[in-house]
Structures are given as C-alpha cells and as structure tokens.
Amino acid sequence: MAGRYRVAILGCRARGRAVGWAYKEHPGTAIVALCDVDHGSHTAKSFEQWPKARQFRDFRRMFDEMEQQLDAVVVATPDHTHAVAAMAAIERGKHVYCEKPLAHPVHEVRQLMEAAQAHHVVTQLGNQGHSSDSIRTF
C-alpha cells in the first residue's frame, strides 16, 4: 500500500503505549484509533500522545465504525482477550501485531494461523524481553 499505514492500538496502558511509541520512528505509520475499556488515568498518557486518534472502549465498535480506515492493529489488551481481538482484526483483513501470549490453548493459535493465511495478512507475536534494541544488538 502506498502512503501511510493506519494503525489502531487495542489496550492503551504501558505495553500498548510502548509499542505505539515505536511507530513514531516510522513516518509511514499513523495511529488513528485507540481502544481501551478504561478511559482513566492509566490510559490518559496514550490519549494525550495521540490526540487525533479516535477513542473507543469496545474494539468491536471500533471495527464497525473504522474498518475501512485501518490497515493494522496492535493487540496489547489483557492476556485473556488477545486471541479474540486478534481474530476480529484478522477476519477484517487487518495485519496484526500481538503481545504475548497470542492465545492460551494451542487450538486457538492454530485457528489464528489458519485465519491469517486465509485472509492474507501479516501477523507478528511480540515478546518484550526479546524485542528490544539491546537484545537485537546482542
């Protein structure tokens, strides 16, 4: 796709904010949506960091309203919602970066892999301990 990639962050606390911050180094991306059930003090920093991004409490509503305006999704929600949120994005043809764990049972991981292949999207699982610059340098 030519132009900017439009990214949504699901889960706007520390991990979502940290992953989103990495996009600032990539001028070809724009954070266009932020989604978190808690719009309190823990998410305020993310909302301040990306003031132009639309804010949501429910990722299903976000997809309903912005499906055509998103290219990729960062999933940094609580662990038990990773697979559900990632699948919702994949089924809509969105590329996904998901924090670990991707899912709890292996069956869910296999379903996500099959869906990603069927929808021709790129997915990546992130592990903070193995994704930092110091680890890559090492």
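Heads up: the structure comes first, above all this text.
Since this is a predicted model, take the numbers as computed values, not measurements. (Residues numbered from 1 in each chain as written. Predicted model: local features only at pLDDT ≥ 70, side-chain atom pairs only at ≥ 80, totals over all residues. Heavy atoms only, no water.)

> Report on the overall build of the chain, specifying residues and quantitative values.
From N to C terminus, the chain includes 6 helices and 6 strands. Each helix and strand of the chain, ordered N terminal to C terminal, gives the series β-α-β-α-β-α-β-α-β-α-β-α. Whereas a compact globule of 138 residues would reach a radius of gyration of roughly 14 Å, the chain reaches 14 Å, a difference of no more than 12%. In terms of principal-axis extent, the alpha carbons of the chain reach across some 40 × 40 × 35 Å. Here the chain holds 138 residues, and 41% of them are scored as buried. Across the chain, contacts joining residues at least 24 apart in sequence account for 61% of those joining residues at least 6 apart. Accessible surface computed for the chain: about 8,300 Å², of which carbon and sulfur atoms make up 54%. One finds the centroid of the 17 positive side-chain charges in the chain at a distance of 5 Å from the centroid of its 15 negative side-chain charges. (Helix = DSSP H or I, 4+ residues; strand = E, 2+ residues; numbered from the N terminus. Rg over C-alpha atoms; globule rule 2.2 N^0.38 Å. Buried < 20%, exposed > 50% of the residue type's maximum accessible area, 1.4 Å probe, protein only. Contact = heavy atoms within 4.5 Å. Areas by Shrake-Rupley, 256 points an atom, 1.4 Å probe, with all protein chains shown as cover. Lys, Arg positive; Asp, Glu negative; His and termini not counted. Charge placed at Lys NZ, Arg CZ, Asp CG, Glu CD.)

> Break down the side chain of Asp 36 for me, citing the residues and quoting the values.
One can find Asp 36 in the loop between strand S2 (29-35) and helix H2 (41-49). Summary of buried charges: Asp 36 has no salt-bridge partner, and the nearest side chain of opposite charge, Arg 13, is 5.1 Å away. A polar contact is formed between the side chain of Asp 36 and the backbone nitrogen of Cys 12, at a distance of 2.7 Å. Leaving out residues up to four positions away in the same chain, Asp 36 has contacts with Gly 11, Cys 12, Arg 13, Thr 43, Phe 56 and Arg 57. (Salt bridge = Lys/Arg side-chain N within 4 Å of Asp/Glu carboxyl O. Polar contact = N/O pair within 3.5 Å; in protein donor to acceptor, adjacent residues only side chain to side chain.)

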